[in-house]
Amino acid sequence: MKRTALQRWLIDPLEYALLRTLFGLLGLLSPVQASNLGGWVARTLGPRLPVSNRARRNLALALPELGASEHEAIVRAMWDNLGRVFAEMPHLDAIIASGRVTVDADQVAQMQAAKDAGQAILFVGAHLSNFEVCGRVAARYGFPQAVIYRRANNPLVDDFFRQLRGAEQVLLPKGAEGFRDVRKVLADGGNLGMLIDQKLNEGAAIPFFGRDAMTTTAPAQMAARYKAALFVGRVMRLGPARYRVTSERIAPVEPAEASAKARREAVQATTVMLNGIIEQHIREQLGEWFWLHRRWPDSKGPWPDPSLTPSADHNSVNG
């Protein structure tokens, strides 16, 4: 989208200056202090923002069996996690270097086995917990990734975040330009990271929490085309500035025959499987997913909606 002169010369620099100031102040705190401060601010203010009504509607669509008080607890937990993710960003390298991220050695060995076999690795995941941790951890263990990301509207902010994410991650923008680079990464036996839990208009309608959601089929297609090892990554928050990172190797569905139709059906089946795995991860970490996405076609509707509100209420997120 083209930036106006006002945006380029006034709004963009002000946004950038504010962000640098905030990160500078957060950097003066310890990682735990920064995380706790970010969580407190976000869970205090976030649920009051109008955008939170989209999260409430999404929860009513995806989890109608839960009551309004449980939905509200998830919204508050989501904002707490988002605040922590933001406040922890200036400390991520220190968090990882200090051993506050737990990684399963057997899972690292699985990735190494794929590399030893000459395979590219395709990591997929969701906007769950502090997803910014994944690329840094992968690089630390010898699997630097190229990562598909959405450019920030403000180019100054975009450059800042690119620097913050470190040289070990190659950031590829969404779109035709980035897609050409993606193909080269996989063809050369490299490693690619993708978050696949957002709506994609050009995707396929795949079940997600019992409702069709437009979902990218690119991971299944690329895994089949480049014979890449397919892993589903996951970050779980263990506490302030403390995580566990897991990765599960997934075998893509093989086509029943050599026809184009069979290949399309196999790609569809693999994508259904990936959505199912990510859904299960989210169900186990309800307060750590980004419920603000317009994930379903009816995410844009009003809230509250009596047709989506169950009559029974409960007292806790876990029932």
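Residues numbered from 1 in each chain as written. Predicted model: local features only at pLDDT ≥ 70, side-chain atom pairs only at ≥ 80, totals over all residues. Heavy atoms only, no water.

## Thoughts on the confidence of the model for the chain
Overall, the predicted model of the chain reaches an average pLDDT of 89, with 93% of residues at or above 70. Contacts for the low-pLDDT stretch residues 309-319, under 50 throughout, to residues beyond four places or in other chains number 22 contacts. (pLDDT = per-residue confidence, 0-100. Contact = heavy atoms within 4.5 Å.)

## Some points on the sheet that holds strand β1 (residues 101-103)
With mixed pairing, the seven strands of this open sheet are ordered in space as β1-β9-β8-β2-β5-β3-β4. Each edge of the open sheet is held by one strand with a lone partner, namely β1 and β4 (170-173). Across the sheet, the axes of successive neighbouring strands diverge by a mean angle of 25 degrees, strand direction being ignored. Here strand β2 (residues 121-125) runs beside strand β5 (residues 191-195); their pairing, made up of five bridges, is parallel. The residue of β5 that forms the bridge with Leu122 is Leu192. (Pairing = 2+ DSSP bridges. Helix = DSSP H or I, 4+ residues; strand = E, 2+ residues; numbered from the N terminus. Axes fitted to C-alpha atoms, helices over the stretch in contact; angles between N-to-C directions.)

## What to know about helix α2 (residues 31-45)
With 15 residues, α2 ought to run about 21 Å at 1.5 Å a step, and its terminal C-alpha atoms sit 21 Å apart, in line with that. Three or more residues of α2 are buried, namely Ala34, Ser35, Gly38, Gly39 and Ala42. Along α2, the residues classed as buried sweep out an arc of 130 degrees about the axis, all on the same side. Structurally, α2 contributes buried residues whose contacts are with α1 (5-27), α4 (68-88) and β8 (229-239). (Expected span 1.5 Å × (residues − 1). Buried < 20%, exposed > 50% of the residue type's maximum accessible area, 1.4 Å probe, protein only. Arc of directions from axis to C-beta.)

## Remarks on the pairing of strand β3 (residues 146-149)
Judged from the four bridges that link them, β3 and β4 form a sheet pairing that is parallel. Its bridge partner being in β4, Ile148 is matched across the sheet by Leu172. Pairing analysis gives two bridges linking β3 to β5, with the strands arranged parallel. What sits directly across from Ala146, in β5, is Leu192.

## Details of the packing of aromatic side chains
Per the counting criterion, the structure on display carries 13 aromatic pairs. Look at Phe209 and Trp296: their rings are 6.2 Å apart centre to centre, the planes differ by 80 degrees, and that puts the pair in the edge-to-face class. Of this pair, Phe209 sits in the loop between β6 (204-208) and β7 (211-215) while Trp296 sits in the segment after α11 (260-284), and the two are 87 residues apart along the sequence. One exposure class covers both Phe209 and Trp296, and it is buried. Among the aromatic residues, those joined into a ring-pair cluster are Tyr16, Phe23, Phe86, Phe160 and Phe161. Across from the ring centre of Phe208, 5.1 Å away, lies the NZ or CZ of Arg295, which sits over that ring. (Phe/Tyr/Trp six-rings, centres within 6.5 Å; stacked < 30°, edge-to-face > 60°. Lys NZ or Arg CZ within 6 Å of the ring centre and 35° of its normal.)

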